[in-house]
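If you want the building blocks of each chain, they are given just below.
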Amino acid sequence: MTKSFKLWIINHISTDLIQNQNLKSENSFTGGYMKTKLEELENLAKTCQKCSLWKNRKNTVFSKGNENAKIMLIGEAPGAEENKCGLPFVGKSGQLLNNLLIQAGFDPKQDIYFCNTVKCRPVKNDKDRKPTNEELHACNDYLQKQIEIIKPQIIILCGNTAVKTFGIKDSMKQIHGKCILKNGIKLFPIYHPRASVLNDIKLKDLKKIKENLR
Ligand code: URA
């Protein structure tokens, strides 16, 4: 597929979404419509070469969880395990996060749609690294389209990279567990499961988000 054709499809999805915003209502057509749009987007991501991360890609790591969930959780980037199996948060950080979510009272599979700021693993000398600004920029279209399609009430920004992607400049220390309203969506920054901060603090923030759902 040529680059211009891919761009055309991305623009087409966007226009289509704006024109069809009301389609995401309570009828059975809704689920099918959303699924198709997400599948189209995921298929584009699978062959994407907008930045150099595709060169190391074993699998595109698009999402996991419930597409109808009120909460979307955006992590940093896929690691080695995620690259191997094509799903976000399946490695050590994922297990930590899963435990914290359960302790906070969530049913992770049912309550949350998980994805990352970038869909391919950033790597240096065989080790995970943070995505660069260029990589974040290149992948941002996919993330924004995911948000448009899922229409979450709450977005959990898991870690500094996810926070940065939303143009938030404050430090995590200042904003973790607090609600930032943006375009009608409640953003909740939380520490990344890897962050060297007490689990009690991470848990308290997740419990606050759970309270906000009621
Ligand atoms: N796995 C992911 O998918 N994202 C992270 O941010 C960390 C681990």
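If you're wondering where the values come from, they're calculated on a predicted model, not measured in any experiment. Within any chain, residue numbers begin from 1 and follow the written order of that chain's sequence. Restriction of local features to residues with pLDDT of at least 70 applies here, the model being predicted, together with a cutoff of 80 or more for giving and counting side-chain atom pairs; totals for whole chains, interfaces and linings are based on all residues. Only heavy atoms go into the side-chain values, all of them from the structure, while hydrogens and water stay out.

Student: Looking at this structure, I do not really get the packing of aromatic side chains. What am I missing?
Tutor: Any pair of aromatic rings gets described here by the distance separating the centres and the angle formed by the planes. Here a pair means two rings of Phe, Tyr or Trp (six-membered ring of Trp) with centres within 6.5 Å. Their orientation is stacked below 30 degrees between planes, edge-to-face above 60, and tilted elsewhere. By the definition in use, this model includes one aromatic pair. In our convention, an over-ring charge means Lys NZ or Arg CZ found within 6 Å of a ring centre and within 35 degrees of that ring's normal. The positively charged end of Lys 64 is found above the aromatic ring belonging to Phe 114, 5.2 Å away from the centroid. Between the NZ or CZ atom of Lys 210 and the centre of the ring of Phe 106, over which it lies, the distance is 5.3 Å.

Student: Please explain the nonpolar core as it appears in this structure.
Tutor: Nonpolar side chains tend toward joint burial in soluble globular proteins. Note on terminology: a nonpolar core comprises buried Ala, Val, Leu, Ile, Met, Phe, Trp, Tyr and Cys residues joined through side-chain atoms within 4.5 Å. Buried residues are those whose accessible area, probed at 1.4 Å on protein chains only, stays under 20% of the maximum for their type, while exposed residues exceed 50% and partly exposed ones sit between those limits. If you look at the biggest cluster of nonpolar residues, it comprises 33 residues, and the most contacted ones within it are Met 72, Ile 74, Ile 147, Ile 155, Leu 157 and Phe 166. Elements with a minimum of two residues in this core: α2 (28–46), β2 (71–75), β3 (112–116), α6 (133–150), β6 (154–158), α7 (160–165), α8 (172–175) and β8 (185–190). Numbering goes from the N terminus for both helices and strands, where a helix is a DSSP run of H or I of at least four residues and a strand is a run of E of at least two. Ranked by the residues each element gives to this core, the list is headed by α6, at seven residues. Here, two residues are considered to be in contact whenever any of their heavy atoms come within 4.5 Å of each other. Once you skip the residues sitting within four places of it in the chain, Ile 147 turns out to touch Met 72, Ile 74, Pro 152, Ile 155, Phe 166 and Ile 185. With 18 residues, the next largest nonpolar core counts Leu 100, Ile 156, Phe 188 and Ile 209 among its residues.

Student: Explanation requested: the site of the ligand in the structure shown.
Tutor: All residues adjacent to the ligand are Gly 75, Glu 76, Ala 77, Glu 82, Pro 88, Phe 89, Ser 93, Asn 116 and His 192. Here Phe 89 contributes a backbone N or O atom positioned 2.9 Å from an oxygen atom of the ligand. Polar contacts here mean pairs of N or O atoms no more than 3.5 Å apart (in protein, one a potential hydrogen donor and the other a potential acceptor; neighbouring residues in sequence count only if both atoms are side-chain atoms). The contact in question runs from an oxygen atom of the ligand to an N or O atom on the side chain of Asn 116, over 2.8 Å. Within the complex, the protein chains bury 97% of what would otherwise be the 240 Å² of accessible surface of the ligand. We call a residue near a molecule or strand when any one of its heavy atoms sits within 4 Å of it. Computed with a 1.4 Å probe, the accessible areas rest on the Shrake-Rupley method; for each residue, only the protein chains presented here act as cover.

Student: I would appreciate a short explanation of the sheet that holds strand β7 (residues 180–182) in the present structure.
Tutor: Each strand in a sheet pairs with another by means of backbone hydrogen bonds, the pair being arranged parallel or else antiparallel. Read from one edge of the open sheet, six strands run β1-β3-β2-β6-β8-β7, paired in mixed fashion. Taken across any chain shown, the strands that pair with only one partner, and hence form the sheet edges, are β1 (64–65) and β7. In terms of strand pairing, β2 meets β6 through four bridges, oriented parallel. Directly across from Ile 74, in β6, lies its bridge partner Leu 157. Strand pairing is assigned whenever DSSP identifies at least 2 bridges connecting the two strands.

Student: Honestly, helix α4 (residues 92–103) in this entry has me stumped. Any pointers?
Tutor: Helical geometry note: an α-helix holds 3.6 residues per turn, so side chains three or four residues apart project in the same direction. Here the expected span of a helix is defined as 1.5 Å times the quantity of residues minus one. When the terminal C-alpha atoms of α4 are compared, their 17 Å separation across twelve residues agrees well with the 16 Å that a helix rising 1.5 Å per residue should span. Those residues of α4 lying buried are Ser 93, Gly 94, Leu 97, Leu 100 and Leu 101. With its buried residues spanning 130° around the axis, α4 presents them on a single face. Relative to its buried face, α4 has exposed residues pointing more than 90 degrees away, namely Lys 92 and Gln 95. Elements that come into contact with the buried residues of α4 comprise β2, α5 (108–111), β3 and α9 (199–213). A positive backbone phi angle near 105° is found at Gly 105, which sits one or two residues after α4. The arc in question is formed by the directions pointing from the helix axis toward the C-beta atoms.

Student: Even after reading the chapter, I still don't get unusual backbone geometry, so can you show me in this structure?
Tutor: Of note in the backbone geometry, Phe 89 takes a positive phi value of approximately 50° without being a glycine. Looking at where Phe 89 falls in the secondary structure, it is placed in the loop between α3 (80–85) and α4. When its relative accessible area of 7% is taken as the criterion, Phe 89 is described as buried. Non-glycine residue Asp 126 carries a positive phi angle of around 70°.

Student: Even after reading the chapter, I still don't get the confidence of the model for the protein chain, so can you show me in this structure?
Tutor: Parts of the prediction with low pLDDT should not have their coordinates interpreted in detail. Residue-level confidence of the predictor is summarised by pLDDT, bounded by 0 at the bottom and 100 at the top. Residues at a pLDDT of 70 or more form 85% of the protein chain, whose mean pLDDT is 89. Residue range residues 5–29 is modelled with pLDDT below 50. Its contacts to residues more than four positions away, or to other chains, number 35 contacts.

Student: Even after reading the chapter, I still don't get the packing of α4 against α9, so can you show me in this structure?
Tutor: In a pair of packed helices, the angle between the axes and the distance between the axes together describe the arrangement. Think of each axis as a best-fit line through the C-alpha atoms, taken over the contacting stretch in the case of a helix, with angles from 0 to 180 degrees between the N-to-C directions. Taken N-terminus to C-terminus, the directions of α4 and α9 make an angle of 55°; their axes are 9 Å apart at the nearest point. It follows that α4 is oblique to α9 by the angle criterion. Seen from above, α4 lies across α9 with right-handed handedness. Contact residues: α4 offers Leu 100, Leu 101 and Gln 103, while α9 offers Asn 199, Lys 202, Leu 203, Leu 206 and Lys 207. When residues are grouped by polarity, Ala, Val, Leu, Ile, Met, Phe, Trp, Tyr, Cys and Pro land in nonpolar, Asp, Glu, Lys and Arg in charged, and all others, Gly among them, in polar. Residue composition of the contact of α4 with α9, by class: four nonpolar, two polar and two charged. Note that the term roughly parallel is reserved for angles under 35 degrees, roughly antiparallel for angles over 145, roughly perpendicular for angles of 65 to 115, and oblique for everything else. Crossings are classed by handedness, with left-handed meaning an anticlockwise turn of the near helix from the far one by less than a right angle and right-handed meaning a clockwise turn.

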